[in-house]
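Observations on the three-dimensional arrangement
Residue-level listing of the chains:
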Amino acid sequence: MIVSPAPANPDIAVIGGGIVGLWCAREAARRGAHVLLIEKRTIASGASGGMLGALMPHQPTGWNAKKRFQLDGLLSLPERVALLEADTGLSCGYAQTGRLMPIGHPEKRRQSAQWVEGAKTHWPDGIGWTIEDANPATGWLAGHSLPHGVNRDTVSARIDPRRLTAALRAALDTDSRITIRENTSVMRLGANGTLVLDDGTEITPGATIVAAGTGAFALIEPEDPKRIGRGVKGQGALLEPATAVDPMSPILYDKGVYVIAHDSGLIAVGSTSENAFDAPDTNDEKLDGILAQAAALCPALEGATVVERWAGVRPRAEGREPLVGPLPGATDTILATGGFKISFAIAHLMADAAVGFASGDQLEGLPDAFAPDRRGVTLRRSP
């Protein structure tokens, strides 16, 4: 395969070929920019190459700008996906299936009633949150798991992460304004906006978007990256059920465990949130525990075969809110990372904001709490 040389002066360089970086490159090219996308491994080989694809809202109480932004992401994503599918002819495996969350004790039932009222206040017509006492998904959700009923929302959806990133890659590959360099690392962000690559090449883009997941933290703050954010390990598995299940079955979520039916016929199960780990890409007994919890939650998993096990590290910015915006003292460098569990729901809006900043615009509705300068994040440029 012939590798195209990296253009020395692209309009925008995007560092990171995960879900945020891919959307950034697509949006920048849509605006007419010439884009260089740099990925240290291969496209979507990190956390974006997982299997769950849960797209779920925050609880609609304690309403704030972050929750509004995520809801906007959930509601606008179907149109973006439809356009991407039309452009590429590829399915992204999206479906608005809703979600079920068992209620295990009376206090949770009381809290759930607040979520019902919060959805009436903060969510638009057409979506909602209800409490149901009868099992709404017999054969899919175990009846013994809901002693105090079950929460149901109608906005949650699922998407196939690998199909989505493959479709984005296909769209970028056919756009003459975009150059992709895989297996290429940015060693440092040098003076005057220069990027120094691992082969010694120096690139001077008009603007740089750092969307490198957990790797973004070390690029911005090489001496103390954990001051900005850290990686959180998740684990999951794909299972083939003994009997076919309805791909429109709602997402099941209970005690940190997700069960998601995909239209491939497979069921995705996950995940953990491990702040300390020795091997980021390997599975262990924690995944076995998740599989056991999932089987107890979902009768359809009885006799299922594990097709694949997966582990990956997701970027969690300090303070939990994502980091999106220009860096103080270096407005030509825009940070876009840290979405942790919600990245797939908001990545396209993060990209809109990042490309907007790179183009001199600002996305309306971007929470102030996402701004790097509000979080004390500054760029430590290398000479």
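What comes next is a walk through the structure. (Residues numbered from 1 in each chain as written. Predicted model: local features only at pLDDT ≥ 70, side-chain atom pairs only at ≥ 80, totals over all residues. Heavy atoms only, no water.)

**Considerations on the side chain of Thr208**
Following the sequence through the fold, Thr208 ends up in strand β12 (residues 207-210). Contact partners of Thr208, with chain neighbours within four places excluded, come to Ala13, Ile15, Leu195, Asp332, Thr333 and Ile334. (Helix = DSSP H or I, 4+ residues; strand = E, 2+ residues; numbered from the N terminus. Contact = heavy atoms within 4.5 Å.)

**Thoughts on the packing of aromatic side chains**
Each aromatic ring pair is specified by the distance between its two centres and by the angle formed by the two planes. Per the stated rule, a full pass over the model turns up four aromatic pairs. Taking the centre distance of 5.4 Å and the plane angle of 85 degrees together, the rings of Phe69 and Phe370 count as edge-to-face. Highlighted residues: Phe69 in helix α2 (residues 65-88) and Phe370 in the segment after α7 (343-358), separated in sequence by 301 residues. With a centroid separation of 4.6 Å and an interplanar angle of 50 degrees, the aromatic rings of Tyr253 and Tyr258 are classed as tilted. Look at Tyr253 and you get partly exposed, because its relative accessible area is 22%. Under the relative-accessibility criterion, Tyr258 is labelled buried at 9%. (Phe/Tyr/Trp six-rings, centres within 6.5 Å; stacked < 30°, edge-to-face > 60°. Buried < 20%, exposed > 50% of the residue type's maximum accessible area, 1.4 Å probe, protein only.)

**Structural notes on the sheet that holds strand β13 (residues 229-240)**
Taken in spatial order, the eight strands make up an open sheet running β5-β6-β4-β14-β15-β16-β13-β17, and their pairing is mixed. Looking at the sheet topology across the chains shown, the edges are occupied by β5 (129-132) and β17 (305-317). If you compare each strand with its neighbour and ignore which way they point, the axes differ by 20 degrees on average. In terms of strand pairing, β13 meets β17 through twelve bridges, oriented antiparallel. (Pairing = 2+ DSSP bridges. Axes fitted to C-alpha atoms, helices over the stretch in contact; angles between N-to-C directions.)

**Things to note about the packing of helix α1 (residues 19-30) against α7**
The interhelical angle for the contact between α1 and α7, taken along N-to-C directions, is 40 degrees, at an axis separation of 8 Å. Classified by the angle their axes make, α1 and α7 are oblique. The element α1 and its partner α7 pack so that their crossing is right-handed. Of the residues in α7, those in contact with Ile19, Val20, Trp23, Cys24, Glu27 and Ala28 of α1 are Ser343, Phe344, Ala347, His348, Met350, Ala351, Asp352, Ala354 and Val355. A breakdown of the residues in the contact of α1 with α7 according to their chemical character gives eleven nonpolar, two polar and two charged. (Parallel < 35°, antiparallel > 145°, perpendicular 65-115°, else oblique. Left-handed = near helix turned anticlockwise from the far one by under 90°. Nonpolar A, V, L, I, M, F, W, Y, C, P; charged D, E, K, R; others polar.)

**Focus on the packing of α1 against helix α4 (residues 161-173)**
Close contact between α1 and α4 brings their axes to 10 Å; oriented N to C, the two are set at 30 degrees. Taken together, the axis directions place α1 and α4 in an arrangement best described as roughly parallel. Where α1 crosses over α4, the two elements pack in a sense that is left-handed. Contacts between α1 and α4 involve Ile19, Leu22, Trp23, Ala25 and Arg26 from the former and Leu164, Thr165, Leu168, Ala171 and Leu172 from the latter. Across the contact of α1 with α4, the residue classes tally to eight nonpolar, one polar and one charged.

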